[in-house]
Amino acid sequence: MNSWYLPVLIFLPVVGALVLAAMGGAPEKTVKLIALVFSLAELAVAVALWISYTSAPTVSQLDVPFRETFSAAWIPYYDIDFSLGVDGISLTMIALIAVLMPIVLGASWEEKLPAGRTIGGYFALLLVLQGAMVAVFASTNVFVFYVAFEVMLIPMYFLIGAFGGVRRAYAATKFFLYSLLGGLLMLASVIGLYVASGQVLGEGTFDWVTLQSIASQIPESTQMWIFAGFAVAFAIKAPLVPLHTWLPDAGTEAPVGAGTLLVGVLDKVGTFGFLRICLPLLPAASSKLAWLIILLAVLGILYGAIVAAGQTDLKRFVTFTSIAHFGFIALGVFAFTTQSIAGAALYMVNHGIATGLLFLVVGMLTVRGGSKLVGDYGGVWKVAPILGGMFMIAALATIAMPGTNSFISEFLVLIGTFSRHPVWAVLATIGIVLAAVYMLWIFQRTMTGPVRGAAVVGGRGPDDVQEALPGDPGDAG
Amino acid sequence: MTGLLGASVLLIAIPLAGAIVLLAGGRLLDRVGHLIGCGTVLASFVLGVVIFVRVLGQPVDDRLNTVTVFTWIQSGLLDIDFGLLVDPLSITFVLLITGVGSLIHIYSIGYMAHDADRRKFFGYMNLFVASMLLLVLGDSFVTLYAGWEGVGLASYLLIGFWSDRPSAATAAKKAFIMNRVGDVGLALAIFLMFKEMGTVSFQGVFDRIDEVAEQSPGTVTVIALLLLLGACGKSGQVPLQAWLPDAMEGPTPVSALIHAATMVTAGVYLIARCAPIYDLTADGGLVVAIIGTVTLLVGCIGGCAKDDIKKVLAYSTVSQIGYMFLAVGLGAGVYALGILLLLCHGFFKAGLFLGAGSVMHAMNDDVDMRRYGGLARRLPITFVTMACGYLAIIGFPLFDGFYAKDPIIEAAFAADGVQGWLLGSAALVGAGITAFYMTRLMIMTFFGEPRWKQLKSADGTDYHPHESPPVMTIPMIILAVGSVGAGAFFAIGDRLANWLAPSVGPYEHPEPPFPAVVVTIATLAVVAVGVFIAYWFVGRRPVPVTPPMPVPAIVTLARADVGGNAINETLFARPGIWLSRASVYADAKGVDGLVNGAAAALGGLSGRWRRWQNGYVRSYALSMFAGTLVVVLMLLLVRSA
């Protein structure tokens, strides 16, 4: 029996986008409200899905890999079904998207768009992106996964290319080319899976459950090639060094809302793909090539942190911190211990929340200060205490302080990795010092010290501060 | 466990709730913020006393109480409960933290009275107290780690409290990062324990450490050294000592609470708590003792040359904690001595810092002792309380330090062979230097010419030294009483050592190769020499307002923080910045350059190939001819081969 939550979650935002597109001339406020209503409706459906998923599962439900499944014939000639379903991790990611979306829309309420662009178009694209992302996480058919993976690219391309900053054309093209390259290799691998399954079963299939049941029968040499295609696509999406250079440009040029979704959720598709496709469907190749991904992951942790420390642009800085964190996630996935994989799955959600906040805070700061350069700020905490406090919280979550959401995930990844690969875990643990270095350094340069530069614009100027605080704040006692 | 001990979670929860209310409440709570701050910590102290009495009433062997609160992290074999261990060691710390913490909170009401952000200050102070309590009460290494990091955070926020001062922001960042370096050690120790023993709870680890020691003694040593790295970071021990003097950028009550009475003692706590691990590795313990000895000397040297009253006290903290490390490093039997000095130090150092704050309060926040002088008459209460602290720290008979430090020096001499002589002599010399720089501090501040009469403070006003209000002096008086009486109370009849025995093992009197009274006499003699030298060089002649130059190399070195900062700068900071800049450049030009280069090359190539499509039939014919020629030639070549 089909559960309708997932198709609704995919198509409701798309319908919302169509509605927005249809009402081109309506007043801006109405358009924004309608978009918000759709995102809230989506959130309500996601909550219903969550309740339905968690309420007293029967014994037979615990045996199957996916629940809340939906299936409809799509391309009968190749026996492709449009089949959906969720397990714990994909459910959590879908919930994360649903929660983030209204926040992102709210944060984009007063977005300053390039000339000639309407807020309706912007919000419509965000909604389409939401539908596509849900589809990626919910698909239980490798072909559907591939299609959703590629469709996700389209709204993001326009979000960056049409609504982005000064170098938006360059950034969007780069994003598109990188993703396209990964997508093509992945298509080859998807077909490869079909053919390989045909050799085992006599008839090819894209169905995840079937593929998983025969995974061990696919010869290792075949798996290696299929794995390579998927791995490159996922390593581009969750950028692992050295395939990361599109993210700083895309993240910097994207408008704040789209950037938040890009770094917070869209990139997780890469690590999610490793978990959903590579490990279960290509087990032999995954364990054979784990060393390579672990190498890239640890490289990313250290390299991302070192490059982040040297950034002079706030948004680029956030993207590089994310590259370091994707290293932790990939490390956890490919360390193959219970703790590290659980940690990596948790990390995907927690990083989405933490970096989402960090990106929003930085976005608000740059919009108010009118500059993206670290050097243009100083003493913001004094003039904008709440923004500064939020920055502090985001910073603490980024460096995985105990008590913040990221701690348990990072801890599990590291403790799990250590019991199998101590040396790699030691190197990765150095990353926690580097994280403190880059995060506190940027915090110090923008938030503390005398109020100056762009912090004065939009906030209260230094003269007002003197008035507001009786006496020199340093004159204690 | 339910009942009273189950309520011990409230010890942490009450100050934490206070912190959350104060920080989230915003300006609404400005008027009552300090009351909430003090009230919650005092409530925690009262509860601590009640629980202490309860534990005291238990039979000696049943005093290790575990309280499980909830399951925290569960994944495969890894099963971490959020639990508390209420035993003599932890409850001792609870009383120190909440007791001294309450006094410092009350003092801060007066000290921070004119600060617009006083509410925030109390919020951070409460956060600190809660984290520190979590650190000492946790029943597993991960709970301890959570408190450990929380303490680091609170100290970051408090050192950088006056965040508009660049020096404060820098000092805060430095403290946090150096602490994090230590935290890596602690984290790796936890990972290694999980790998080897499959558990991270104190009980689990201590039960299985014997097996590990039998199979691979090296592993135990590695665990011990990693834990020591963590302890060095938190306690400001060599090589991670450089953050502690800089931490004086925070308001003075912060220096008293965090950088004297509690946070920096966390490393000593960790090593005492891990007594079952250090008991199995003589090498690990020896390294702790050596680090402690080196640090106590470095701290002494640094303390001699500073003119900033808080920095002198900061270096004395570094040095006193060196003594504590020396004691706990000496291992089985004498852990209790480290804790004894730690408690006494909690009283006298907090008292000294609050006294220094009171002097600064009187002197327009000036910290330069060269501008003080003759303040004893103007600040009588401050003078008397600081004098008690002074006599305690130099180990004057019947004061705290006498009871606490003497046995440590004895125990150092009692160590085997050459080590014993080296450690013991170093500790003895340290006692003399301590006497020198503390006497120097007292003379420069309270005696001699009132140099401030001819000077103006930084904002151009005259100095009008005046005694602090009672809300500040009463806590100072209480701490002074502690500096006089606590040492004797704890030490006579080995009261503290016997109380701690269930946690750290039974106390054994150190047996130096000569009668203990010789050590006592030698120590007193060295101390007398130190005091005399200070009088001879500082007390007899007027103190110049500007530091004299040139000075011997050793003084220059001491003024420059014994080279600590220079080493960090050249070894880590500058290469780090260089590496970071180079990586940014390499990322833009190298990795991304490669990508863009490939794209450009492809573009160029297609541009060139496009030129071939020129639409002239003759040129197409020519290329067809060339192609045919190549094919024919190749066929000929292949056939003839």
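Residues numbered from 1 in each chain as written. Chains lettered and ligands numbered in written order. Predicted model: local features only at pLDDT ≥ 70, side-chain atom pairs only at ≥ 80, totals over all residues. Heavy atoms only, no water.

S.K.: I'm lost on the overall build of chain A in this one. Help?
M.R.: Helix and strand content of chain A: 21 helices and two strands. On C-alpha atoms alone, chain A measures out to a radius of gyration of 23 Å, which is about the 23 Å that the 2.2 N^0.38 rule sets for 477 residues. C-alpha extents for chain A along the principal axes are approximately 80 × 60 × 45 Å. When the 477 residues of chain A are sorted by exposure, 62% land in the buried category. The contacts in chain A between residues at least 6 apart in sequence include a share of 78% that link residues at least 24 apart. When the accessible surface of chain A is split by element, carbon and sulfur atoms take 69% of a total near 16400 Å². Both charge centroids of chain A, one from 21 positive and one from 24 negative side chains, sit 6 Å from each other. (Helix = DSSP H or I, 4+ residues; strand = E, 2+ residues; numbered from the N terminus. Rg over C-alpha atoms; globule rule 2.2 N^0.38 Å. Buried < 20%, exposed > 50% of the residue type's maximum accessible area, 1.4 Å probe, protein only. Contact = heavy atoms within 4.5 Å. Areas by Shrake-Rupley, 256 points an atom, 1.4 Å probe, with all protein chains shown as cover. Lys, Arg positive; Asp, Glu negative; His and termini not counted. Charge placed at Lys NZ, Arg CZ, Asp CG, Glu CD.)

S.K.: Even after reading the chapter, I still don't get the overall build of chain B, so can you show me in this structure?
M.R.: Of the regular secondary structure elements, chain B holds 25 helices and two strands. In terms of principal-axis extent, the alpha carbons of chain B reach across some 110 × 65 × 60 Å. Relative to its 641 residues, chain B shows a buried fraction of 58%. For chain B, the distance from the average position of its 40 positive side-chain charges to the average position of its 41 negative side-chain charges is 15 Å.

S.K.: What exactly am I supposed to notice about helix α6 (residues 141-159) of chain B here?
M.R.: Along an α-helix, a turn takes 3.6 residues, which lines up residues three or four apart on a common side. The terminal C-alpha atoms of α6(B) lie 26 Å apart, and with 19 residues this matches the ideal 27 Å at 1.5 Å per residue to within 8%. With respect to burial, α6(B) is a largely interior element, 19 of its 19 residues being buried. (Expected span 1.5 Å × (residues − 1).)

S.K.: Quick question: what am I supposed to make of the confidence of the model for chain B here?
M.R.: Low pLDDT means the predicted atomic positions in that stretch should not be read closely. Summarising the model, chain B shows a mean pLDDT of 88, and 99% of its residues fall at 70 or more. For this predicted complex, the interface confidence score (ipTM) comes to 0.88, while the overall pTM stands at 0.89. (pLDDT = per-residue confidence, 0-100.)

S.K.: Would you mind going over the environment of B:Gly83 with me for this structure?
M.R.: Residue and element names in this part refer to chain B. Relative to the assigned elements, Gly83 resides in strand β2 (residues 78-86). Through-space distance from the C-alpha of Gly83 to that of Glu410 is 38 Å; in sequence the pair is 327 residues apart. Leaving out residues up to four positions away in the same chain, Gly83 has contacts with Val67, Thr68, Val69, Leu137, Gly138, Asp139 and Thr143.

S.K.: Before we go on, may I ask you to explain the nonpolar core in this structure?
M.R.: Nonpolar side chains tend toward joint burial in soluble globular proteins. Grouped together as the largest cluster of nonpolar side chains are 382 residues, with contacts concentrated most on A:Leu126, A:Phe230, A:Phe411, B:Phe128, B:Phe141, B:Leu227 and B:Ile277. The element contributing the most residues to this core is helix α16 (residues 335-362) of chain B, with 18 residues. Residues in contact with B:Phe128, not counting those within four places in the same chain, are B:Val151, B:Ala154, B:Leu158, B:Leu257, B:Ile258, B:Thr262 and B:Met263. (Core = buried A, V, L, I, M, F, W, Y, C linked by side-chain atoms within 4.5 Å.)

S.K.: I tried to follow the packing of aromatic side chains on my own but got confused; where do I start?
M.R.: Here a ring pair, both rings aromatic, is described through the centre-centre distance and the interplanar angle of the planes. Tallying each qualifying case throughout the model produces 56 aromatic pairs over all chains. For the pair B:Tyr107 and B:Tyr111, a centre-to-centre distance of 5.8 Å together with 20° between the ring planes defines the contact as stacked. Of this pair, B:Tyr107 and B:Tyr111 are both found in helix α4 (residues 88-111), four residues apart, which corresponds to roughly one turn of the helix. Taken as a pair, B:Tyr107 and B:Tyr111 share a single burial class, namely buried. With 5.6 Å between their ring centres and 70° between their planes, B:Tyr156 and B:Phe176 make a pair best called edge-to-face. Of this pair, B:Tyr156 sits in helix α6 while B:Phe176 sits in helix α7 (residues 166-197), and the two are 20 residues apart along the sequence. Each member of the pair, B:Tyr156 as well as B:Phe176, carries the same accessibility label: buried. Here the aromatic residues A:Phe11, A:Trp74, A:Tyr77, A:Tyr78, A:Phe82, A:Phe143, A:Tyr146, A:Tyr194 and A:Phe206 are joined through ring pairs into a cluster of three or more. (Phe/Tyr/Trp six-rings, centres within 6.5 Å; stacked < 30°, edge-to-face > 60°.)

S.K.: Please clarify how the pattern of salt bridges should be interpreted in this entry.
M.R.: Pairing is possible between side chains that carry opposite charge, provided their charged atoms lie close to one another. Applying the stated criterion to the full structure yields 16 salt bridges over all chains. For A:Asp87, the salt bridge identified is with A:Arg276, shortest N-O distance 2.5 Å. You can see A:Asp87 sitting in the loop between β2 (80-86) and α4 (88-107) and its partner A:Arg276 sitting in helix α13 (residues 268-281), a full 189 residues away along the chain. As far as the burial class goes, A:Asp87 and A:Arg276 line up, both buried. Here B:Asp87 and B:Arg273 are joined by a salt bridge, their closest N and O atoms 2.8 Å apart. Placement of the pair is B:Asp87 in the loop between β2 and α4 and B:Arg273 in helix α12 (residues 266-273), with a sequence separation of 186 residues. B:Arg273 gets classed as buried once you look at its relative accessible area, which sits at 4%. (Salt bridge = Lys/Arg side-chain N within 4 Å of Asp/Glu carboxyl O.)

S.K.: So what exactly am I meant to see when it comes to unusual backbone geometry here?
M.R.: Negative phi characterises most residues that are not glycine, and trans characterises most peptide bonds. Residue A:Val241 is joined to A:Pro242 through a cis peptide bond whose omega torsion reads 5°. With respect to the helices and strands, A:Pro242 occurs in the loop between α10 (220-237) and α11 (246-253). With an omega of 10°, the peptide bond between B:Val238 and B:Pro239 qualifies as cis. Here B:Pro239 is to be found in the loop between α9 (217-235) and α10 (243-246). Of note, B:Asn364 is a non-glycine position whose phi angle comes to about 50°, a positive value. Structurally, B:Asn364 can be placed in the loop between α16 and α17 (380-394). Note on B:Asn364: relative accessible area 30%, which makes it partly exposed. The phi dihedral of B:Leu398 is positive, around 75°, even though this residue is not glycine. Of note, B:Leu398 is situated in the loop between α17 and α18 (400-414). Here B:Leu398 falls in the exposed class, since its relative accessible area comes to 57%.

S.K.: Would you take a moment to explain the interface of chain A and chain B for this structure?
M.R.: Accessible area lost on assembly of the parts is the figure often given for the size of an interface. The interface is formed by 53 residues belonging to chain A together with 56 residues belonging to chain B. Of the roughly 4700 Å² buried between chain A and chain B, counting both surfaces, carbon and sulfur atoms make up 70%. Where chain A meets chain B, there are one salt bridge. Residues B:Asp592 and A:Lys174 are paired through a salt bridge, measuring 2.6 Å at the closest nitrogen-oxygen approach. On inspection of chain A and its partner chain B, the count reaches 12 residue pairs in polar contact (both at pLDDT 80 or more). (Buried area = accessible area lost by both parts, 1.4 Å probe. Polar contact = N/O pair within 3.5 Å; in protein donor to acceptor, adjacent residues only side chain to side chain.)

S.K.: Got a minute to help me understand a nonpolar patch on the surface in this structure?
M.R.: On the surface, B:Val529, B:Phe532, B:Ile533, B:Tyr535, B:Trp536 and B:Phe537 cluster together into a nonpolar patch covering about 600 Å² of accessible area. Positionally, B:Phe532 belongs in helix α22 (residues 516-539). (Patch = residues over 30% accessible without salt bridge, like charges linked within 9 Å, V, L, I, M, F, W, Y side chains within 5 Å.)

S.K.: Help me understand the pairing of β2(B), please; the structure alone is not making it clear to me.
M.R.: Every other side chain in a regular strand lies on the same face of the sheet, so the side chains alternate between the two faces. Residues and elements named next belong to chain B. Where burial is concerned, most of β2 is hidden: seven out of the nine residues are buried. Sheet topology places strand β1 (residues 65-75) next to β2; nine bridges connect them, and they run antiparallel. The partner of Asn65 across the bridge, within β2, is Val86. The hairpin formed by β1 and β2 contains two residues between the paired strands, and Gly76 there has a positive phi angle of roughly 60°. (Pairing = 2+ DSSP bridges.)

S.K.: When you look at the pairing of β2(A) in this model, what are you seeing that I'm missing?
M.R.: Residues and elements named next belong to chain A. Taken across its seven residues, β2 has six buried, putting it largely inside the fold. Where strand β1 (residues 67-75) lies against β2, six bridges are found, and the strand directions are antiparallel. Note on β2: the bridge partner recorded for Ser71 is Ser83. From the end of β1 to the start of β2, which pair antiparallel, there are four residues, and Asp79 there has a positive phi angle of about 60°.

S.K.: Would you mind going over the environment of A:His244 with me for this structure?
M.R.: You can see A:His244 is positioned in the loop between α10 and α11. Placed 60 residues apart in sequence, A:His244 and A:Gly304 show a C-alpha to C-alpha distance of 9.6 Å. Apart from the residues lying within four places of it in its own chain, the contact partners of A:His244 are A:Pro239, A:Tyr303, A:Phe320, A:Ile323, B:Asp587 and B:Val591. Looking at A:His244, its side chain comes within polar contact range of the side chain of B:Asp587, at 2.6 Å.

S.K.: Would you explain a negative patch on the surface in this entry?
M.R.: A surface patch of negative charge is lined by B:Asp207, B:Asp210, B:Glu211 and B:Glu214. With respect to the helices and strands, the residue B:Asp207 is situated in helix α8 (residues 202-215).

S.K.: What should I look at first to understand the confidence of the model for chain A in this one?
M.R.: Mean pLDDT over chain A stands at 88; residues scoring 70 or higher make up 94%. Below pLDDT 50 for its whole length, residues 458-477 of chain A participates in 27 contacts with residues either more than four positions away or in separate chains.

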